[in-house]
Amino acid sequence: MELRQLEYFVAVAEEQNFTRAAERVHISQSGVSAQIRQLERELGAELFDRSARTATLTAAGAAALAPARAALAAAGAVGQAVGDVAGVIRGRITVGMVVGCTGTPLFDALAAFHRAHPGVEIALLEDNSDRLVQGVRVGTVDVALIGTATAAPAGLESLTIVSERLVVAVPPDHPLARRRRVTLRDLAGHQVICMPAGTGLRTVFDQACAARRVRPVIALQAGAADAIADLAARGLGVAVLSESMAESYRDTLSARVLDDVDIPALLCLVWRAPHGPAVRELLAHGRRAFGGGGLPEPAAAGDDPEDSRAASPEEQ
C-alpha cells in the first residue's frame, strides 16, 4: 500500500468522479483507476460502487476513508515538522479564484510567494464561489478569492478586499440610461443578464430581489463580466454588475447604481484555521499585495458526472 494510492482514493471519494479526481491529482484518469484497482486487490475489497455514473463508496470504502485521510495527514505532518525546524517550506498549496475574476493582486501575491518558497507547488483552481467555499471547508482548497454577500462565511477566516454596490449597465440609448435613479422594480419589463447562481454577485442580487419581492426575468447568464457586458452592449438585456466591473465598460455602457440594493457585493479572501506554514506565508504575501489588514504577518523561519452519455464512474 502506497501513500499515492491513498491520495487517489481520497480524491475519488471526495470528487465522486474519477476524471475530476485525476485532474485534482494531476495524472491521467486511467492512472487513478489502475492504482485504486491495485489498492482494492491489496485490501481484498472493492472501495467504490461503479454501477452508477457517480463513484460512490461501498461499505468497505466508507470504513477506509477516515484512516486514509489520517494517514495522509500524518505523512504531511512529518514533512511540515522537518520544514519548521529547517526553516524551509515545502509541499503543495491549492488556491481558488472565482470564475471571471481578474485578480491581479492575487497573481502578484502568488508570484512573490513562489519566489520566496520555490519548493512549494502552487495549484490554481477557478470555480464558482459556493464550491470554492466548500472546498476550503473540507480542505481541498487552502485559500480562495471569492465573491460573496457575507464577509465571513461560517467557519472560515476572511479578509474583505472589495465592498461595493450593484449597478445596472445598459447602452447609452437605453431607457434606463436616462434615469438618475434606478431601483429593482425598474427592471420590470426588461430582460436581465447576470452571473450564474453560486456566485457572490448573483447571491447579492437574489437576496435583494427577495427582500423587495421583485421577480426579475433573468434571460442570460455568464460567468465572466466581459461576456455580460458584451451581451448588454448588443441590446440583449440589462447587465447587473458591481461598480468596479461596470467601470471597465464605460465607453460602451452607462451604469446606474441600484438605489434600493443595500447589500454590498464583496470580494474576499477566505481560509480555514488552523493552517500550516505554507498557507500562513501565502496569506502574508496576500496582505501586502492587497494592501489590507487582517491577514497574518509572515512568521520567522523555524516558527459530476457531467458527461451526457451514460458511462461508468471511471470513464467520467
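Here, the structure is the one placed above.
What you are looking at is a predicted structure, and each value in this text was computed from that prediction instead of being measured. (Residues numbered from 1 in each chain as written. Predicted model: local features only at pLDDT ≥ 70, side-chain atom pairs only at ≥ 80, totals over all residues. Heavy atoms only, no water.)

## What to know about the side chain of D127
Part 1 of the reasoning: As for its placement among the helices and strands, D127 is situated in strand β4 (residues 120–127).
Part 2 of the reasoning: Side-chain polar atoms of D127 contact the side chain of R131, separated by 2.7 Å.
Part 3 of the reasoning: Those residues in contact with D127 that sit more than four places away from it in its chain are M97, V98, V99 and L132. (Helix = DSSP H or I, 4+ residues; strand = E, 2+ residues; numbered from the N terminus. Polar contact = N/O pair within 3.5 Å; in protein donor to acceptor, adjacent residues only side chain to side chain. Contact = heavy atoms within 4.5 Å.)

## A word on the packing of aromatic side chains
Part 1 of the reasoning: Considering all chains together, one arrives at two aromatic pairs under this definition.
Part 2 of the reasoning: Between F18 and F48, the aromatic rings sit 5.8 Å apart at their centres with planes inclined by 70 degrees, giving edge-to-face as the arrangement. Of this pair, F18 sits in helix α2 (residues 18–25) while F48 sits in strand β1 (residues 48–49), placing them 30 residues apart in sequence. Each member of the pair F18 and F48 is classed as buried.
Part 3 of the reasoning: Through successive ring pairs, a cluster of aromatic residues spans F9, F18 and F48. (Phe/Tyr/Trp six-rings, centres within 6.5 Å; stacked < 30°, edge-to-face > 60°. Buried < 20%, exposed > 50% of the residue type's maximum accessible area, 1.4 Å probe, protein only.)

## Observations concerning the environment of R256
Part 1 of the reasoning: Secondary-structure assignment places R256 in strand β11 (residues 254–257).
Part 2 of the reasoning: Residue classification places R256 among the partly exposed positions, given a relative accessible area of 23%.
Part 3 of the reasoning: Residues R256 and T183, 73 residues apart in the sequence, show an inter-C-alpha distance of 9.3 Å.
Part 4 of the reasoning: Residue contacts for R256: discarding those within four places in its chain leaves V167, V168, L176, A177, R179, R180 and V182.

## What about the packing of helix α5 (residues 104–116) against helix α10 (residues 277–290)?
How two helices pack is summed up by the angle between their axes together with the distance between the axes.
Part 1 of the reasoning: Between α5 and α10, the least distance of the axes is 8 Å, while the angle of their chain directions is 130 degrees. Judged by the inter-axis angle, α5 sits oblique to α10. You can see that α5 and α10 cross each other, and the crossing is right-handed. Side by side, α5 and α10 meet where P105, L106, D108, A109, L110, A112, F113 and A116 of the first sit next to A278, E281, L282, H285, G286, A289 and F290 of the second.
Part 2 of the reasoning: Here the contact of α5 with α10 is composed, by residue class, of 11 nonpolar, two polar and two charged. (Axes fitted to C-alpha atoms, helices over the stretch in contact; angles between N-to-C directions. Parallel < 35°, antiparallel > 145°, perpendicular 65-115°, else oblique. Left-handed = near helix turned anticlockwise from the far one by under 90°. Nonpolar A, V, L, I, M, F, W, Y, C, P; charged D, E, K, R; others polar.)

## A short note on the pairing of strand β7 (residues 166–170)
Part 1 of the reasoning: Most of β7 is tucked away, with five of its five residues classed as buried.
Part 2 of the reasoning: Alternating residues of β7 divide into L166, V168 and V170 and V167 and A169, and every residue in both groups is buried.
Part 3 of the reasoning: Across four bridges, the pairing between β7 and strand β10 (residues 238–242) is antiparallel. Across the sheet, residue L166 finds its bridge partner in β10, namely S242.
Part 4 of the reasoning: Here β7 pairs with β11 via four bridges, running antiparallel. Bridged to V167 within β11 is V257. (Pairing = 2+ DSSP bridges.)

## Points about empty space enclosed by the protein
Part 1 of the reasoning: The volume enclosed by the largest cavity comes to roughly 30 Å³.
Part 2 of the reasoning: Lining the largest cavity are L106, A109, V143, L269, L282, L283 and G286.
Part 3 of the reasoning: Elements that contribute at least two residues to the lining of the largest cavity include exactly α5 and α10.
Part 4 of the reasoning: Split into classes, the residues belonging to the lining of the largest cavity amount to six nonpolar, one polar and no charged. (1 Å grid on protein atoms, 1.4 Å probe; cavity = no way out; pocket = protein on both sides within 12 Å on 5 of 7 lines; lining within 4 Å. Points joined across faces, edges and corners; volume = space filled by probe spheres on them.)

Purely geometric numbers; function is a separate question.
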